[in-house]
Amino acid sequence: MSSSSLPEVINSWFAVARSEDIPAGSVKAIHLMGHRLVIFRTEDGKLAAMDGACPHLGGSLAQSGTVEGGVLRCRLHGFCFDTAGQCTETGYGTKPPPLKARTYPVREMLGTVLLYFHETAETPTWEPPLDDGPIWSRPTHDVFSLTSHPQEIAENAVDTGHLTWIHGFSEATRTGPLEVDGHRVRQGIRCRVPNKLGVGGGADIEMDFAFHVYGLGIVIVESHVPSVDFFSRTFVMSSLVGDGTMDVRVVSQCRDIGRSTSHLPLKWLMPERAAERLLLTVYRRAMLFDFRRDLVYWAHKRYLPRPGLASGDGPIVAFRRWAKQFYPRGFELPMAPELDVDGDVSFITPAKPKVRLPQLPPSSQLQTGWWRGWRETLPDPIRKRFFTGSGVAAWASVLGIGHRVRA
Ligand code: FES
Ligand SMILES: [Fe+2]
């Protein structure tokens, strides 16, 4: 258990890697809740995840595993395992023993690999939200590393009070009570946000948000600007690495981007693709500006099992009651039963609050691999060739290194 007093075992879907970092025929090591796992993609493109320790004699598949056709071979004694974890071959040409590596369900969504972890290896009873079509633009990807806990990131979706004090939003109000539906909750918010670009006279912009939380690893923030009918969404996906550290992957998209680019100044001068790229870049920068405020808040906050809630707070107790289901059986999430479980739905934060927003450290101190940020703005063919998992091989060929380098 971490110093946050929340368990470091969570039964949920987690975003653990980028799809493009695991090309066909490659293996990637990850850490999740203190476990060392490997994700590999067979030569024909099938993705699988299994324990990082080879079930033969405990060798590290992360260090010595290679993909051969449709199996992962451990190079310590040559044993092979298929995507179901079954041993299919020994390194001696003898009959394979009934060995089975523990495997983990995996899915891919918007270029992100999602993995289901369950303490007792139960199969998932629910699915993560998957890509829902071409109406959304290509996604942008960013990844951050911090000391926190996935529940803290998910709970942010119902912490309506912070919208004013961390983000400077005003007149924030919930559009209804917290909607609880099995593995997911939804909270709608309407508010006015500062007009950072100063367009249209610089008045605050009215915005609608819908926060969808799936388990404790995935939060989708949908936003809509009614004045220009602009829709966007950001997936905030956390995964607990272990020892209190976690990664947060941020994936953003704009909806109907072709229609939205018509609002850009000098749009008629730009090819469609350039206009879309510009809009995505502007949106991503604005979104990350606010997101970095949350990161600083999360990195320094401490989880209080019995918070001192007041009228005006969001439905934090109701959220925590829901969150309990994702922890190991028998774990009791301390509650404050005397508090209203759904907060005050009618509460509206003050108009134009005088808020001194927190100072931000440079983004390079927050982001894992600062280069990940700017590479997203490169055209796809260049980015894929030189800045993805297989890009190492591309650089090697440019530098005239003769042998193939495995990513
Ligand atoms: S430890 Fe992996 S094959 Fe022996
Ligand atoms: Fe926030």
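Quick summary incoming for the structure in this document. (Residues numbered from 1 in each chain as written. Chains lettered and ligands numbered in written order. Predicted model: local features only at pLDDT ≥ 70, side-chain atom pairs only at ≥ 80, totals over all residues. Heavy atoms only, no water.)

## Description of the coordination of the iron ion (ligand 2)
Within the protein, the atoms that donate to the iron ion (ligand 2) are His-162 (NE2), His-167 (NE2), Asp-294 (OD) and Asp-294 (OD), at distances of 2.1 to 2.4 Å. For the iron ion (ligand 2), the four donor atoms in the first shell make angles of 57 to 150 degrees at the metal, so the coordination geometry reads as irregular. When the donor residues of the iron ion (ligand 2) are listed from N- to C-terminus, their spacing reads H-x4-H-x126-D. In this pair, His-167 is assigned in the loop between α3 (162–165) and β13 (170–174) and Asp-294 in helix α5 (residues 272–300), connecting sequence segments 127 residues apart. Asp-294 shares its class with His-167; the two are buried. (Donors = N, O, S within 2.8 Å, 3.2 Å for Na, K, Ca; no water. Tetrahedral: all angles 85-135°; square planar, octahedral: opposite > 155°, others 65-115°. Helix = DSSP H or I, 4+ residues; strand = E, 2+ residues; numbered from the N terminus. Buried < 20%, exposed > 50% of the residue type's maximum accessible area, 1.4 Å probe, protein only.)

## Digging into helix α6 (residues 316–323)
For the α-helix, the turn length of 3.6 residues means that residues three or four positions removed from each other point alike. The element α6 is largely enclosed, with a buried count of seven among its eight residues. Restricting attention to buried positions, one finds in α6 the residues Ile-316, Val-317, Ala-318, Phe-319, Arg-320, Trp-322 and Ala-323. Tucked inside the fold, the buried residues of α6 contact α2 (150–155), β14 (179–181), β15 (184–193) and β16 (205–214). (Contact = heavy atoms within 4.5 Å.)

## Re unusual backbone geometry
Look at Leu-110: it is not a glycine, yet its phi comes out positive at around 50 degrees. Given the relative accessible area of 9%, Leu-110 is considered buried. You will see that Glu-171, though not glycine, has its phi angle at about 50 degrees, which is positive.

## Remarks on the sheet that holds strand β3 (residues 35–41)
Across the sheet, which stays open at both edges, the four strands sit in the order β2-β3-β4-β9 with antiparallel pairing between neighbours. Among the strands making up the open sheet, the edge pair consists of β2 (27–32) and β9 (103–104). (Pairing = 2+ DSSP bridges.)

## A word on the pattern of salt bridges
Throughout the structure, instances matching the rule amount to twelve salt bridges. Across the salt bridge formed by Glu-68 and Arg-73, the nearest N and O atoms sit 2.9 Å from each other. A cluster of three or more residues bridged by salt bridges with shared partners is formed by Glu-68, Arg-73 and Glu-89. (Salt bridge = Lys/Arg side-chain N within 4 Å of Asp/Glu carboxyl O.)

## With respect to the environment of Ala-323
Along the chain, Ala-323 falls in helix α6. Expressed as a C-alpha distance, the spacing of Ala-323 and Arg-184, which sit 139 residues apart in the sequence, is 9.4 Å.

## Some remarks on the sheet that holds strand β6 (residues 71–74)
Judged by pairing direction, the sheet is antiparallel, and its four strands sit side by side in the order β5-β6-β7-β8 without closing on themselves. Only two strands of the sheet have a single neighbouring strand rather than two, namely β5 (65–68) and β8 (87–89). In terms of strand pairing, strand β7 (residues 80–81) meets β8 through two bridges, oriented antiparallel. The partner of Phe-81 across the bridge, within β8, is Cys-87.

## Re the nonpolar core
Nonpolar side chains in soluble globular proteins tend to end up buried together. Leu-115, Phe-209, Leu-216, Phe-291 and Phe-319 are the most contacted members of the largest nonpolar core, which totals 78 residues. No other element matches the eight residues that α5 contributes to this core. Composition of this core by domain shows at least three residues from each of domain 1 (12–117) and domain 2 (140–326). Those residues in contact with Phe-209, other than ones at most four positions away along the chain, are Phe-169, Gln-187, Gly-188, Ile-189, Cys-191, Val-193, Val-221, Glu-222 and Ser-223. Judged by nonpolar contacts, the second largest core, of 16 residues, contains Val-38, Leu-61, Val-67 and Phe-79. (Core = buried A, V, L, I, M, F, W, Y, C linked by side-chain atoms within 4.5 Å. Domains from an automatic or database assignment.)

## Observations regarding the pairing of β15
Sheet faces and side chains relate simply in a regular strand, where the side chains alternate between the two faces. Here β13 runs beside β15; their pairing, made up of three bridges, is antiparallel. Across the sheet, Thr-173 pairs through a bridge with Arg-190, a residue of β15. Where β14 and β15 come together, three bridges link them in antiparallel fashion. When the sheet's bridge partners are listed, Asp-181 is paired in β15 with Arg-184. Hairpin remark: β14 followed by β15, antiparallel, with two residues in the connecting loop; positive phi at Gly-182, about 60 degrees. As paired strands, β15 and β16 are joined by ten bridges and run antiparallel to one another. Counted as the bridge partner of Gly-188 is Ala-210 from β16.

## Topic: the environment of Asp-21
Position of Asp-21 among the secondary structure elements: in the loop between β1 (12–18) and β2. We classify Asp-21 as buried; its relative accessible area is 16%. Note: C-alpha distance between Asp-21 and Val-113 (92 residues apart in sequence) is 9.7 Å.

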